[in-house]
Amino acid sequence: MIALACDHTGLDLKKEIKLLLDEMGLEYQDFGTDTPDSCDYPVYGYRAAKAVADGLCERGILICGTGVGIGIAASKVPGTRVCTCSDVYTAELSKRHNNSNILTMGARVVGVDLAKMIARHWLEAEFEGGRHQRRIDLISAIERGESL
Ligand code: RB5
């Protein structure tokens, strides 16, 4: 299950991402927003991020104007590893090396085709584990308030 969320700037792109997920045979849950009315991205970013952190969804794709605000909001939810990006390489490596579980993109930054390509590469990528797991464990330690 993929968690989806956006603010008013990301509605159209979210619809396109839904088409991609349909094409890939992946289920999704949409945490809003559902209207073009101006809204606050932390609300929707939080709801989708919480679903990922709680294990209700395996991954999340979140969209705002730049991808930054909704990414910052999502990253405040413990257990998330957020990748805000506008290129395929970073998106893919963020899964393979950093086990990112949330991808955010900017609807005002990337075009539809690029956004779908980024999402597809990210969704198809798999975490490589090994030495990368050790680093993820250190990130989790920071999250628990431990000193490194
Ligand atoms: C809304 O105008 C815009 O600030 C928001 O979509 C996002 O880009 C924030 O990071």
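Before any of the text, the structure's been laid out above.
The paragraphs below set out a description of the structure included in this document. Residue positions are given per chain, counted from 1 along the sequence in the order it is written. Reporting of local features is limited, given that this is a predicted model, to residues whose pLDDT is at least 70; pairs of side-chain atoms are given and counted only at 80 or more, and all residues count toward the totals for whole chains, interfaces and linings. The side-chain quantities take in all heavy atoms of the structure and omit both hydrogens and water.

A cluster of nonpolar side chains, Leu 138, Ile 142 and Leu 148, forms an exposed patch at the surface whose accessible area comes to about 320 Å². A run of DSSP states H or I qualifies as a helix once it reaches four residues; a run of E qualifies as a strand once it reaches two. Both are numbered from the N-terminal end. Looking at the secondary structure, you find Ile 142 in helix H6 (residues 131-143). Each patch is built from salt-bridge-free residues with over 30% relative accessible area, joining like charges within 9 Å and nonpolar side chains (Val, Leu, Ile, Met, Phe, Trp, Tyr) within 5 Å. Where accessible areas are quoted, they stem from the Shrake-Rupley method and a 1.4 Å probe; at the residue level, only the protein chains shown are allowed to cover. Salt bridge, as applied in this entry: a Lys or Arg side-chain nitrogen positioned within 4 Å of an Asp or Glu carboxyl oxygen.

A few words now on helix H2 (residues 41-53). Taking 1.5 Å of rise per residue, the 13 residues of H2 would be expected to cover 18 Å, and the 18 Å separating its terminal C-alpha atoms lies within 8% of that figure. The classification of residues rests on relative accessible area computed with a 1.4 Å probe and restricted to protein chains. Under 20% of the type maximum is buried, over 50% is exposed, and intermediate values are partly exposed. Along H2, the residues classified as buried are Tyr 44, Gly 45, Ala 48, Ala 49, Ala 51 and Val 52. For H2, the buried positions fall inside an angular range of 155 degrees around the axis, keeping them on one side. As for H2, its buried residues are in contact with strand S1 (2-6), strand S3 (59-64), helix H3 (68-75) and strand S5 (102-106). Just downstream of H2, Gly 55 is the residue with a positive phi angle, here 85 degrees. Expected helix span is given by 1.5 Å per residue-to-residue step, counting one fewer step than there are residues. Picture the helix axis, draw a direction to every C-beta atom, and the arc is the one those directions span. Note on definitions: a residue-residue contact is assigned when non-hydrogen atoms from the two residues lie within 4.5 Å.

This part is about the site of the ligand. Think of it this way: one heavy atom of a residue within 4 Å of a molecule or strand is enough to make that residue near it. As a structural note, the neighbourhood of the ligand is formed by Asp 7, Thr 9, Tyr 41, Cys 64, Gly 65, Thr 66, Gly 69 and Arg 108. Polar contact criterion, stated in full: a pair of N or O atoms within 3.5 Å, where within protein one must be able to donate a hydrogen and the other to accept it, and residues adjacent in sequence count only if both atoms are side-chain atoms. Contact between the ligand and Asp 7: an oxygen atom at 2.6 Å from a side-chain N or O atom of the residue. Here Gly 65 contributes a backbone N or O atom positioned 2.7 Å from an oxygen atom of the ligand. Notes on the ligand: free accessible area 290 Å², of which the protein chains cover 70%. Side-chain classes are defined by residue name, with Ala, Val, Leu, Ile, Met, Phe, Trp, Tyr, Cys and Pro counting as nonpolar, Asp, Glu, Lys and Arg as charged, and the others, Gly among them, as polar. Looking at the shell around the ligand residue by residue, the classes come out as two nonpolar, four polar and two charged.

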